[in-house]
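Structural overview for review
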Amino acid sequence: MKNIKYIILSSVIVLATWFVSCLDSEFDVDESYNRLFSPVSFETTNETSTTVDFTWKNIPAASYYLIELSLTEDFAEVYKTYGENQEITTNAYTATGLTPNTDYWARIKCMSTQGIPESKYSQVITFTTKKLVNVEFSTTVDATWIRLSWIVPEGSVNNVTKIVLKDAAGAIVKSVEDAAELADNTLLFENLTALTTYHWEAYDGATLFDEDDVTTLPDVLPGTDIIEIDNTTTENINTLIAATTQGNILIKIAAGTTLNVVTEDGSDTGFIIPVGKSVTIKGIVTEANRTNLPIIKMKEFNFTQMPSLTLENVHIIGSGTQASYVIKGEAGQTQLDKIEIDNCIIENMRGIFSLRSTSPLAPEVTVNNTTIRDLKDYGVFQSEASAGGGYKSIVVTNSTFDGIQYLLRAKNAPTAYNVISFSDCTFNKTVLDGKYLVDLANATQSLTTFEFVNCIFGSAYSGTPKVTKAPTKPTFTNCYKTTDFAPSSMDGVIDYEKSAADLFTDPSSGNFLIKDASFIGKDSAGDPIWRP
């Protein structure tokens, strides 16, 4: 019995000694278990070209977080660290200042201000910042305002987050960051100073990705008489023109105005321009989108010598069955060097430019951002010249032709043709059966440029039209035709295997917005105003 008690007592003593020895042991203890847990569910969202959003599950004991970025998966070098000032205290953070179109690797760890060791790093994740969108900017300018517009390619993110306008000294005139103001891809800067250079800048976050200078127009060109027209004007326009004394005439027509320069029966002679005066007719609008244009009802311009004619921001309506034209070249007209048309609609005329058989005129013609529709039996560009006349150059961009029987027709031997260029144009209901889109049958010299670029040919005016008759063969680049525009030969033009009604929203009513999302030219061909 004594032996049993002795054994039990001895065992207790041994156990107690062992327990105390453990408490006083000098062996190292693994402290790695006394630390914060690593963050989990570390993810990225909303990547832009310069920013990214991080989220993760919150760790309750964490005081703050550190996020590290590297340009390599092994983190051989840390590219950027966020949170060193202990500002990341929740489970979400937006990192800024990144480089567009760049691969990054990211990791996160928890930090403590309470003496607890930091966590291990999370699992490494990767993301790529977006490319800066190839935004195409354009400006419309007047004496006291600038409109900046931009086009974002379909399917791309609109990365324009701020637009800044500065004066020549670099001072900010206006800065726009409100997303609602930027949503329409256009901004109007008003109350500016005439003939002054400004500088605009476009930003994606903090990154400047496009900029340019733009100069406002002068209030008045030197040697210019100004005629201002609105619906309260009672004087006859030709009386006002006759009273001018300077070499240039600027006719400014207020938005919402209708100017009648022809009676219902077409008996009026139209505009009467004094000898030697250049004329600019300008609608006072702030957008170059062919809407809300002041209306001019007219027959033609009558002149003998007019160095230049400029039509801008106006809707011209002819007299229909009467012989109405913009220009009707006659023998007595000896000078018209330049014609410029921009942001206009011209309709219901016999033709637009008609140079009669005795006309010596040979103007340079530029047409941009314009719709020409519903012409009668003459073409847009008609020439019967046998006196050396014709067109030195015809350059047409970003325009629409609808309901025209001829595009360009020369009946006699023109000597002045040099450049014919149509780019980014939409044609519909164009060219009569058996007739030519461009007919220079009697031309004897080769053109230096004869081209169609980024054009769409919708339905024919009637039947089966022909393409061209000219000593120089035209080139077609990125051009398309529908099944209802089917000349026998149109080398270089890509077939769209459906009709104009399949391609356009409502061509019968003049709506040529491209509705076929599968059309490969939807972002690059036709009048840009109709691109989706």
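Only a predicted model underlies this, so the values are computations on that prediction, with no experimental measurement involved.

Let us look at the overall build of the chain. Within the chain, the regular secondary structure consists of four helices and 42 strands. Put simply, the chain has 532 residues, and 47% of those count as buried. Partitioning the contacts of the chain with sequence separation of at least 6, the portion at a separation of at least 24 is 70%. Carbon and sulfur atoms provide 50% of the accessible area of the chain, an area that totals close to 25300 Å².

This brings us to the sheet that holds strand β13 (residues 197-204). Here we have four strands laid out as an open sheet, ordered β11-β10-β13-β14, and antiparallel in their pairing. Only two strands of the sheet have a single neighbouring strand rather than two, namely β11 (172-176) and β14 (207-215). Taken pair by pair, the neighbouring strands of this sheet meet at an average axis angle of 15°, ignoring direction. Direction of pairing for β13 relative to β14: antiparallel, over a ladder of eight bridges. By the bridge assignment for β14, D204 is matched with T207.

Burial of the side chains of strand β5 (residues 92-95) is restricted to one face: Y93 and A95 are buried, whereas none of A92 and T94 on the reverse face is. As judged from the four bridges shared by strand β2 (residues 52-55) and β5, these two strands associate in the antiparallel manner. Looking at the pairing, V52 lines up with A95 of β5.

Counting through the fold element by element, T430 comes out in strand β33 (residues 419-430). The class for T430 is buried, based on a relative accessible area of 1%. Apart from residues lying up to four places away in sequence, T430 is in contact with F401, I404, L437, S459, A460, Y461 and F485.

Let us now look at the nonpolar core. Counting 69 residues, the largest nonpolar core has F271, F301, F422 and F452 as the members making the most contacts within it. Residues contacting F422, with those up to four places away along its chain left out, are F381, I394, V396, F401, L407, F427, E451, F452, V453 and C455. In terms of nonpolar packing, the next biggest core, distinct from the first, is built from 21 residues, F54, A62, C110 and F127 among them.

Bridge count between strand β1 (residues 43-45) and β2: three bridges; the pairing is antiparallel. Considered in β2, the bridge of E43 is made with T55. Two successive antiparallel strands, β1 and β2, enclose a turn made up of six residues, where N46 displays a positive phi of approximately 55°.

Okay, the sheet that holds strand β7 (residues 125-128) next. Spatially, the four strands line up as an open sheet ordered β4-β3-β6-β7, and their pairing is antiparallel. The sheet is open, and its two edges are formed by β4 (78-82) and β7, each paired on a single side. Strand-to-strand twist across the sheet, computed as the mean angle between neighbouring axes with direction ignored, equals 30°. Direction of pairing for strand β6 (residues 103-111) relative to β7: antiparallel, over a ladder of four bridges. Opposite A106, over in β7, you have I125 as the bridge partner.

Taken as a whole and assessed by the stated rule, the structure comprises 27 aromatic pairs. Look at W56 and Y65: their rings are 5.1 Å apart centre to centre, the planes differ by 65°, and that puts the pair in the edge-to-face class. Here W56 and Y65 have matching classes, each one buried. Judged by centre distance (5.5 Å) and plane angle (20°), the ring pair of Y104 and F127 falls under stacked. Of this pair, Y104 sits in strand β6 while F127 sits in strand β7, and the two are 23 residues apart along the sequence. Judged by relative accessible area, which is 3%, F127 ranks as buried. Following the ring pairs from residue to residue traces out a cluster consisting of F401, F422, F427, F450, F452, F457, F476 and F485. Here R107 stacks its cationic end above the ring of F75, 4.0 Å away from the centre of that ring. In this structure, K162 packs its charged tip against the face of Y203, placed 4.6 Å from the ring centre.

Analysis parameters
- Residues numbered from 1 in each chain as written.
- Predicted model: local features only at pLDDT ≥ 70, side-chain atom pairs only at ≥ 80, totals over all residues.
- Heavy atoms only, no water.
- Helix = DSSP H or I, 4+ residues; strand = E, 2+ residues; numbered from the N terminus.
- Buried < 20%, exposed > 50% of the residue type's maximum accessible area, 1.4 Å probe, protein only.
- Contact = heavy atoms within 4.5 Å.
- Areas by Shrake-Rupley, 256 points an atom, 1.4 Å probe, with all protein chains shown as cover.
- Pairing = 2+ DSSP bridges.
- Axes fitted to C-alpha atoms, helices over the stretch in contact; angles between N-to-C directions.
- Core = buried A, V, L, I, M, F, W, Y, C linked by side-chain atoms within 4.5 Å.
- Phe/Tyr/Trp six-rings, centres within 6.5 Å; stacked < 30°, edge-to-face > 60°.
- Lys NZ or Arg CZ within 6 Å of the ring centre and 35° of its normal.

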